[in-house]
Amino acid sequence: MVDFFKILIFVLISNNLNSQIIDLSKEVQWERIENYLSEKDKIDLVNDLSNDLIYYLKDNKILESNIKNFHFFDLNGDTKLDFIYTGYAGGEQESTLIFLQRENGNLERVFEVSGIIYGINNLTFSNNTFSISIVKNDSCFDCYEVYNLTTFIGIKGVFKEVANFNFTGETEIPDEMFRKSFKTTDTLSFLRSRPSVNDIGEDFNFLFGNVIAEFKTSSKVIALARKKDESNQIWWFVGIEAEKSDKAIFEIKKGYHLGWISNKDLDKIVPFP
């Protein structure tokens, strides 16, 4: 498994996030890396394809209205046009599918996950290496604006998951970032959506107040920003190992939960892994 720091750098570079780690309102800059084709050319190309995705779009008479969701690349370096589709493909959530064109002209589906592409970038210009970040709604019960952001690295058309971040739409995102490595204390620690203490109230998107996760045992913490509140209490914007959480609003327990933690809940600075 590639370590957190390298993948965080991949995410930052590949998505042009100079000031924010997450901004779901931004548009994917497809034109920077895809092969340009007119909508007519795309329709002509996909009309003769035989696969479940095309059957679904044709059967529901939505192929032409979804043609903008097809993006053509040479993903594996064989000079043949492959494509990425991101949108509805028959499931409850939108999906991302990747098809490679083989020697005989047939298309092989090599990748399919729930969620839509949040960022994509060609990491090299010669080795057909791409980073793809996909955001989807977390499957927690009755949650609203609770997300999972997963990064995949594709090398010559083979894609592997390398990082996962869980966060909420309520989470305050800092404007500037750096990196320090801590551990939480062995006492109960709270991960919050904002750098302030609020333990009152219940909401579908919180355990209580503004708490989104609890940690009772020492956990690795990647600190990305620092802030003081009105009482001079120091807060850190962090990623904490999701599998170490005792309670969390997130259904997924892999990767890192993102949020704010009080300085008093951090034990010491530890060496970077």
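Here the residue numbering is sequential within each chain, running from 1 through the sequence in written order. For this predicted model, a pLDDT threshold of at least 70 governs which residues receive local features, and a threshold of 80 or more governs which side-chain atom pairs are given and counted, while totals over whole chains, interfaces and linings are taken from all residues. Side-chain figures throughout are based on the complete set of non-hydrogen atoms in the structure, without hydrogens or water.

1. Quick look at unusual backbone geometry
The general pattern is negative phi for most residues beyond glycine and trans for most peptide bonds.
Phase 1 of the analysis: Of note, lysine 156 is a non-glycine position whose phi angle comes to about 55 degrees, a positive value.
Phase 2 of the analysis: Positionally, lysine 156 belongs in the loop between strand E7 (146–155) and strand E8 (158–168).
Phase 3 of the analysis: Given the relative accessible area of 46%, lysine 156 is considered partly exposed. A run of H or I in DSSP counts as a helix once it spans at least four residues, and a run of E counts as a strand once it spans at least two, with each numbered from the N terminus. Only protein chains enter the accessibility calculation, which uses a 1.4 Å probe; a residue whose area is less than 20% of its type maximum is buried, one above 50% is exposed, and one in between is partly exposed.

2. Looking at helix H2 (residues 39–47)
Phase 1 of the analysis: Residues Lys42, Ile43 and Val46 constitute the buried set of H2. Looking down the long axis of H2, one finds its buried residues gathered within 100 degrees of arc, a one-sided arrangement.
Phase 2 of the analysis: Here, two residues are considered to be in contact whenever any of their heavy atoms come within 4.5 Å of each other. Each element contacted by the buried residues of H2 is listed here: helix H3 (52–59) and strand E1 (70–73). Each C-beta atom gives one direction from the helix axis, and the arc is the one those directions make.

3. Let's talk about the confidence of the model for the protein
Phase 1 of the analysis: Per-residue confidence from the predictor is reported as pLDDT, a score between 0 and 100. When pLDDT is averaged along the protein, the result is 82; 86% of the residues meet or exceed 70.
Phase 2 of the analysis: Within the protein, the element-level pLDDT minimum falls on helix H1 (residues 4–14), averaging 44, and the maximum on strand E11 (residues 211–215), averaging 94.
Phase 3 of the analysis: Across residues 1–10 the pLDDT falls below 50, and counting only partners more than four positions away or on other chains, this stretch makes 23 contacts in the model.
Phase 4 of the analysis: A low-confidence stretch, residues 12–20 (pLDDT under 50), is modelled with 25 contacts involving residues beyond four sequence positions or located in other chains.

4. Points about the environment of glycine 169
Phase 1 of the analysis: Position of glycine 169 relative to the elements: it lies in the loop between E8 and strand E9 (180–184).
Phase 2 of the analysis: In the structure, glycine 169 is positioned 36 residues away from asparagine 205 in sequence and 9.3 Å away in space, judged by C-alpha atoms.

5. What to know about the nonpolar core
Phase 1 of the analysis: As used here, the term nonpolar core means buried Ala, Val, Leu, Ile, Met, Phe, Trp, Tyr and Cys residues forming a set that is joined through side-chain atoms within 4.5 Å. Of all hydrophobic cores here, the largest spans 18 residues; its most connected members are Leu191, Trp236, Val238 and Ile240.
Phase 2 of the analysis: Elements with a contribution of two residues or more to this core: E11, strand E12 (220–228) and strand E13 (234–241).
Phase 3 of the analysis: When residues of this core are assigned to their parent elements, the largest contribution, four residues, is made by E13.
Phase 4 of the analysis: Residues in contact with leucine 191, not counting those within four places in the same chain, are Asn210, Val211, Ile212, Ala213, Phe215, Val238, Ile240, His257, Leu258, Gly259 and Trp260.

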